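Tertiary structure, described
Here's the letter readout for the chains.
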Amino acid sequence: MATILGQNQYGKAENRVVKITRDGDTHHIKDLNVSVALSGDMDDVHYSGSNANVLPTDTTKNTVYAFAKEHGIESAEQFGIHLARWFVNSQEPIQRARIRIEEYAWDRIATSDANSRFIGSDEVNHSFVRQGMETRVTQITYDGTNWEVISGLKDLVVMNSTNSEFWGYVKDKYTTLKEAHDRILATQVSARWRFNWSDDEQRMPNWEKSYAETRKHMLQAFAETYSLSLQQTLYQMGSRIINHRSEIDEVRFSLPNKHHFLVDLEPFGLKNDNEVYFAADRPYGLIEATVLRDGVDARIPVDMTNL
């Protein structure tokens, strides 16, 4: 039975590119997920395996990162236009380019008064929280007499584009990680906190205000901590909550380290001065710990999967 080739396309999907623009101490983020699909004179590669007309998908990936440096990212639309035009005009066999882009928006974290900041700067303009991700959670347990309320949140994505380091760690023959004295610190916060309200005779917390204030202190601590490790940042976040919210005795965090690696642009004759990053989703470091009010026993489960 005779067969013929129908519509076809190829490319590199879901290229995660983060572009940091530094305007003095004020930083701006463009966070994109870019998928490239190319089509044109590609019959031979399907029929005979000849790659003579094939631009490698790895090259399309490199182009995304190089263009982030060369052209910047004014908007998702403009960036996609630059890419599509390049692929079609620079490669004769390519007759059509489809660029799909998801953009992840980030809001600046509002920080507290200067006298309560850990790093002591007048302004913090490098700390961000990603929009549209957070889910609020709570678990209430009652045995007819006593209450246990554990509340929290998950999928709260935050980033510091500077004021983070990681160095001085143990090295052995398998260590390849380079020490970092200025890195992006990003994580997807899963947190649970336990209230000390347990009896109907006690004054019940204002749950809405408590959540808003706890979240605020958590974000401020993240933004205002000059971090030498994600563990240090975690402890400051938990301590800030305990010290400011008398109704909470215990906080547990699960913080995946959302790694951002500098892209090597030297093969394209470009210098990457802490501007263009590859946002890796896995594997990731996972940092977990509980912060307690002194004299209080831990009750939040170590595994928060079912909370």
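To start, this report covers the structure provided alongside it. (Residues numbered from 1 in each chain as written. Predicted model: local features only at pLDDT ≥ 70, side-chain atom pairs only at ≥ 80, totals over all residues. Heavy atoms only, no water.)

Turning our eyes to something else, we now look at the overall build of the protein. On a plain count of helices and strands, the protein comes out with five helices and twelve strands. When its C-alpha atoms are laid out on the principal axes, the protein stretches across 80 × 55 × 45 Å. By the burial criterion, 43% of the 307 residues in the protein qualify as buried. Of all intrachain contacts in the protein linking residues separated by at least 6 positions in sequence, the fraction that spans at least 24 positions is 69%. Carbon together with sulfur atoms contributes 46% to the accessible area of the protein, which is approximately 16900 Å² in total. Of the charged side chains in the protein, 34 are positive and 44 negative; the average position of the first set lies 0 Å away from that of the second. (Helix = DSSP H or I, 4+ residues; strand = E, 2+ residues; numbered from the N terminus. Buried < 20%, exposed > 50% of the residue type's maximum accessible area, 1.4 Å probe, protein only. Contact = heavy atoms within 4.5 Å. Areas by Shrake-Rupley, 256 points an atom, 1.4 Å probe, with all protein chains shown as cover. Lys, Arg positive; Asp, Glu negative; His and termini not counted. Charge placed at Lys NZ, Arg CZ, Asp CG, Glu CD.)

Their axes nearest at 11 Å, the elements helix 2 (residues 57-70) and helix 3 (residues 76-90) cross at an angle of 130°. In this view, helix 2 runs oblique relative to helix 3, as classed from their interaxial angle. Considering only the axes of helix 2 and helix 3, their crossing is right-handed. On helix 3, the residues that touch Thr 60, Thr 63, Val 64, Phe 67 and Ala 68 of helix 2 are Phe 79, His 82, Leu 83, Trp 86 and Phe 87. The residue inventory of the contact of helix 2 with helix 3, partitioned by class, reads seven nonpolar, three polar and no charged. (Axes fitted to C-alpha atoms, helices over the stretch in contact; angles between N-to-C directions. Parallel < 35°, antiparallel > 145°, perpendicular 65-115°, else oblique. Left-handed = near helix turned anticlockwise from the far one by under 90°. Nonpolar A, V, L, I, M, F, W, Y, C, P; charged D, E, K, R; others polar.)

Running from amino to carboxyl end, helix 4 (residues 207-224) crosses helix 5 (residues 230-244) at an angle of 140°, the nearest separation of the two axes being 8 Å. Taken together, the axes of helix 4 and helix 5 are oblique relative to one another. The handedness of the crossing between helix 4 and helix 5 is right-handed. Together, Thr 214, His 217, Met 218, Gln 220, Ala 221, Phe 222 and Glu 224 of helix 4 and Thr 233, Gln 236, Met 237, Arg 240, Ile 241 and His 244 of helix 5 make up the contact between the two elements.

For strand 2 (residues 26-40), the buried fraction is high: eleven of the 15 residues fall into the buried class. Looking at chain direction, strand 1 (residues 15-23) and strand 2 are connected through nine bridges and run antiparallel. Opposite Val 17, over in strand 2, you have Leu 32 as the bridge partner. Linking two consecutive strands that pair antiparallel, namely strand 1 and strand 2, is a turn of two residues; a positive phi of about 65° is found at Gly 24 within it. Pairing between strand 2 and strand 3 (residues 94-103): nine bridges, direction antiparallel. Residue pairing across strands places Ser 35 opposite Arg 100, the latter belonging to strand 3. (Pairing = 2+ DSSP bridges.)

This part covers the sheet that holds strand 3. Taking strand neighbours across the sheet as the criterion, the five strands line up as 3-2-1-11-10 in an open arrangement whose pairing is antiparallel. The outermost strands of the open sheet, each flanked by one partner alone, are strand 3 and strand 10 (260-262). Between one strand and the next, the sheet's axes are offset by a mean angle of 35°, whatever the strand orientation. Along the sheet, helix 2 contacts strand 1, strand 2 and strand 11 (276-279); its crossing angle with strand 1, the most-contacted strand, is approximately 10°. Its contacts with the sheet put helix 3 on strand 2 and strand 3, and the angle it makes with strand 3 is roughly 160°.

Next up on the list: the side chain of Arg 252. By the element assignment, Arg 252 lies in strand 9 (residues 248-257). The buried charged residue Arg 252 lacks any salt bridge, with Glu 288 as its nearest oppositely charged partner at 4.5 Å. Within the local environment of Arg 252, its side chain forms a polar contact with the side chain of Thr 290, the two groups lying 2.8 Å apart. At a separation of 3.1 Å, a polar atom in the side chain of Arg 252 contacts the main-chain carbonyl oxygen of Val 302. (Salt bridge = Lys/Arg side-chain N within 4 Å of Asp/Glu carboxyl O. Polar contact = N/O pair within 3.5 Å; in protein donor to acceptor, adjacent residues only side chain to side chain.)

The subject of this paragraph is the pattern of salt bridges. As enumerated under the stated definition, the model contains 14 salt bridges in all. For Glu 275, the salt bridge is made with Lys 69, and the minimal N-O distance between the two is 2.3 Å. Placement of Glu 275 in the loop between strand 10 and strand 11 and of Lys 69 in helix 2 is noted, with a sequence separation of 206 residues between them. Owing to a relative accessible area of 19%, Glu 275 belongs among the buried residues under this scheme. A salt bridge links Arg 282 to Asp 281; the shortest N-O distance between them is 3.8 Å. Residue classification places Arg 282 among the exposed residues on the basis of a relative accessible area of 65%.

Turning to the packing of aromatic side chains, a few remarks are in order. The tally for this structure, following the rule as stated, stands at seven aromatic pairs. Between the aromatic rings of Phe 67 and Trp 86, the centroid separation amounts to 5.8 Å while the plane-to-plane angle is 65°, which identifies the pairing as edge-to-face. With a gap of 19 residues between them, Phe 67 in helix 2 and Trp 86 in helix 3 connect regions that are remote in the sequence. Taking the relative accessible area as the measure of exposure, Phe 67 reaches 7% and is therefore buried. When the centroid spacing of 3.8 Å and the interplanar angle of 15° are considered together, the rings of Tyr 142 and Trp 147 count as stacked. Each residue in the set Tyr 142, Trp 147, Phe 195, Trp 197 and Trp 207 is aromatic and connected to the rest through ring pairs, giving one cluster. Over the ring of Tyr 211 we find Arg 136; its NZ or CZ atom is 4.1 Å from the centre of that ring. Over the face of the ring belonging to Tyr 169 we find Lys 171, whose NZ or CZ atom lies 4.5 Å from the ring centre. (Phe/Tyr/Trp six-rings, centres within 6.5 Å; stacked < 30°, edge-to-face > 60°. Lys NZ or Arg CZ within 6 Å of the ring centre and 35° of its normal.)

Shape is all these values report; function is a separate question.
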